[in-house]
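Chain residues, written in single-letter form:
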Amino acid sequence: MKAVLRQTGLNADNLRAWEKRYQAVKPSRSESGRRVYTETEVQRLSMLADLVRQGHAISKIAQKSDEELLSMLQKSKPSSNASSRVTQTGSAESTEAFLSAMEKFDLPAARVIFGKIRFLTSPRDLVFDLVPRLMFLIGKKVIERKLTISQEHAASEIIQGYMKRVYEDLVIHEGTSRKPKKFLFCTREGDLHDFGLIMAAIACRFEGHHTSYLGRNMPATAMIEAIQSTRPDAIVVGLARLSEAEERVRISDYLEKIDREVRPNVEFWLGGSGADLVRRDHLSRDVWIFETIHELEEKLKTTAPGGI
Ligand code: B12
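**Some remarks on the overall build of the protein**
Reasoning step 1: A tally of helices and strands in the protein yields 13 helices and seven strands.
Reasoning step 2: Radius of gyration (C-alpha) of the protein: 20 Å, near the 19 Å computed for a compact globule of 308 residues.
Reasoning step 3: Dimensions of the protein along its principal axes, counting C-alpha atoms only, are 55 × 50 × 40 Å.
Reasoning step 4: Counting over 308 residues, the protein shows a buried share of 46%.
Reasoning step 5: For the protein, the share of sequence-separated contacts (at least 6 apart) that also reach a separation of at least 24 residues comes to 67%.

What follows is the structure in C-alpha cells.
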C-alpha cells in the first residue's frame, strides 16, 4: 500500500475511501490480509488522482472505464489557448483510433494514426505521459484478450520506432549540461522491455548529458566490454520483473557479474519493475534505484555521477 501511495500521490484515508465508498478499485488480499494491487489498479488510481487534482469529483469518475479516464485526462489538461485544447482532444481521439486499428491488426492505419498523435503532441508529453498510458492500455487489452501477443509486439514496435526518433532528434542537447556526464543504457540479456529505459535515456539527453543507447537484451560480457571501451560515469539498466520461466539471467547475477569486472567508480543507475530485487549489499559501488523517471530526473538535476 505504501508503494501505491507513493506512486499515486494519494494519502491513505483517500485511498481507503475511494475503495470503500466508490469501489474505484477492488484490490485482492494476501494471506496475511494485506491489500495486493495489480499494475493495472495502480495506473487506474493514478489517473483518478490526476483527474481529482484537476477538479473532478471522485463520485463522478470512480466508475468510469480506464479508457474513459485516459481520454478525459488528455482532453482536460490545462491549456493556454483554444487551439491547444483542440490539439489535446485530437490526440485523445487518435489514441482510441490507434487501439482500434491495432484490434483489427491494421498496421498501416495504426502507423498513420500514431504519426498523427506524434504531430499533435509535444515530445515531452508523448514520451513521459501518453506512451506509458497507451502501453498500459495495450497491456490491459492483452489480459482481456482483445489484443493478441503478436498485436502487442506489433504495437510496441510502432511506438518504439517513434520513441527512438524522439531520442535521436535530441542529440542537439548533448553536452549542453554544465557538467555533462556519460551514460550507457541497456536491459539485461533476455529482457525485451525497454520503454522505461528509452524514457530514461531521453530524460538524460533533455538534461544535456552524453548517452549511448545499447538497447535491450545485452549479455553481461558485452556490457562489460562496452563499459571498458567507452568509460561511462554510470550505466543505466532497465530491469523488468520476469517470471522464472521467462528469465534468462537473474537480475542479481547480471549486475554482480558486471560489478566484478568494471572499475569501481562507474555507478549503477537502475529502474524498472524488477529493480527492487537488486541486492545492493552484494555490489561494491554506488547504486541508485529509481522507481520512476521523475526520480531519475530529480537526481539528474541535483547531483551528477562520479561523486560531484
Ligand atoms: C510492451 C510490453 C512488451 C513488449 C516490450 C517492447 C519493448 N520494446 O519494450 C514485448 C511485446 C516485446 C513484450 C514481451 C513480453 N512480455 Co511484456 N509487456 C509489455 C507491456 C504491455 C507494457 C510494458 C511497458 O513498456 N510499459 C510502459 C513503460 C514506460 O512502463 P513500465 O515498464 O511500467 O516502466 C515504468 C517504471 O517501471 C519505470 N521504469 C521502467 N524501466 C526503467 C528504467 C529506468 C532506468 C528508470 C529510471 C525507470 C524505469 O518508469 C516507467 C514509467 O513510469 C506490459 C504490461 C504492463 N501493463 O506493464 C507487459 C509485461 C511487462 N510483459 C509481460 C510478459 C509476460 C511478456 C512476455 C513473457 C510474453 C509476451 N507478452 O509476449 C514477453 C517476453 C519478454 C521478455 N523476455 O522480456 C508481463 C510481465 C509479467 C511478469 N512479471 O513476468 C507484463 C506485466 C504483462 C502481464 N500482465 O502479464 N512485452
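Additional details are given in the paragraphs that follow.
**Here's the deal with the sheet that holds strand 4 (residues 210–213)**
Reasoning step 1: As summarised here, the arrangement of the five strands in space is 4-3-5-6-7, forming an open sheet in which the pairing is parallel. The open sheet has two free edges, formed respectively by strand 4 and strand 7 (287–290), since each of these has just one partner strand. Between one strand axis and the next, the sheet turns through 20° on average, direction left out of account.
Reasoning step 2: Of the strand pairs in this sheet, strand 3 (residues 182–187) and strand 4 are connected by four bridges, and their pairing is parallel. Within the sheet, the bridge partner assigned to L184 lies in strand 4 and is S212.

**Some details on the pattern of salt bridges**
Reasoning step 1: Under the defined criterion, the tally for this structure stands at 22 salt bridges.
Reasoning step 2: A salt bridge links K140 to D66; the shortest N-O distance between them is 3.2 Å. Here the residue K140 occupies a position in helix 8 (residues 123–143), and D66 occupies one in helix 5 (residues 66–76), the gap between them amounting to 74 residues.
Reasoning step 3: Close ionic contact of R248 with E189 constitutes a salt bridge, the shortest N to O distance being 3.7 Å. Taken together, the residues span a long stretch of sequence, with R248 in the loop between strand 5 (234–238) and helix 12 (251–261) and E189 in the loop between strand 3 and helix 10 (195–206) at a distance of 59 residues.
Reasoning step 4: The network of salt bridges with shared partners includes R44, D66, E67, E103, K140, K141, E144 and K146.

**Considerations on the environment of F119**
Reasoning step 1: Along the chain, F119 falls in helix 7 (residues 107–120).
Reasoning step 2: The sequence separation of F119 and M1 amounts to 118 residues, and the corresponding C-alpha distance is 38 Å.

**Let's talk about the side chain of E256**
Reasoning step 1: Secondary-structure assignment places E256 in helix 12.
Reasoning step 2: Those residues in contact with E256 that lie beyond four places of it in its chain are R279, H282 and L283.

**Here's the deal with the coordination of the cobalt atom of the ligand**
Reasoning step 1: When only protein atoms are considered, the cobalt atom of the ligand has one donor, H193 (NE2), at a distance of 2.3 Å.
Reasoning step 2: On the secondary structure map, H193 appears in the loop between strand 3 and helix 10.

**Some thoughts on empty space enclosed by the protein**
Empty space among the atoms becomes visible once a probe the size of a water molecule is rolled across them.
Reasoning step 1: Tallied over the entire structure, the rule returns one cavity of 30 Å³ or more.
Reasoning step 2: Each pocket or cavity is described by its volume, and for the largest cavity that value is around 30 Å³.
Reasoning step 3: Lining the largest cavity are E67, L70, S71, Q74, A92, T95, E96, L99 and L137.
Reasoning step 4: Those elements that provide at least two residues to the lining of the largest cavity are helix 5 and helix 6 (82–103).
Reasoning step 5: Here the residues of the lining of the largest cavity sort into four nonpolar, three polar and two charged.

**What to know about unusual backbone geometry**
With glycine set apart, most residues show a phi of negative sign, and most peptide bonds adopt trans.
Reasoning step 1: Of note, the phi angle at F105 is positive, near 55°, even though the residue is not glycine.
Reasoning step 2: Here F105 is to be found in the loop between helix 6 and helix 7.
Reasoning step 3: Taking the relative accessible area as the measure of exposure, F105 reaches 39% and is therefore partly exposed.
Reasoning step 4: The phi angle at R145 is positive, at roughly 65°, despite the residue not being glycine.
Reasoning step 5: Residue placement: R145 occurs in the loop between helix 8 and helix 9 (149–169).
Reasoning step 6: Note on R145: relative accessible area 76%, which makes it exposed.

Reading the values: the criteria
- Residues numbered from 1 in each chain as written.
- Predicted model: local features only at pLDDT ≥ 70, side-chain atom pairs only at ≥ 80, totals over all residues.
- Heavy atoms only, no water.
- Helix = DSSP H or I, 4+ residues; strand = E, 2+ residues; numbered from the N terminus.
- Rg over C-alpha atoms; globule rule 2.2 N^0.38 Å.
- Buried < 20%, exposed > 50% of the residue type's maximum accessible area, 1.4 Å probe, protein only.
- Contact = heavy atoms within 4.5 Å.
- Pairing = 2+ DSSP bridges.
- Axes fitted to C-alpha atoms, helices over the stretch in contact; angles between N-to-C directions.
- Salt bridge = Lys/Arg side-chain N within 4 Å of Asp/Glu carboxyl O.
- Donors = N, O, S within 2.8 Å, 3.2 Å for Na, K, Ca; no water.
- 1 Å grid on protein atoms, 1.4 Å probe; cavity = no way out; pocket = protein on both sides within 12 Å on 5 of 7 lines; lining within 4 Å.
- Points joined across faces, edges and corners; volume = space filled by probe spheres on them.
- Nonpolar A, V, L, I, M, F, W, Y, C, P; charged D, E, K, R; others polar.

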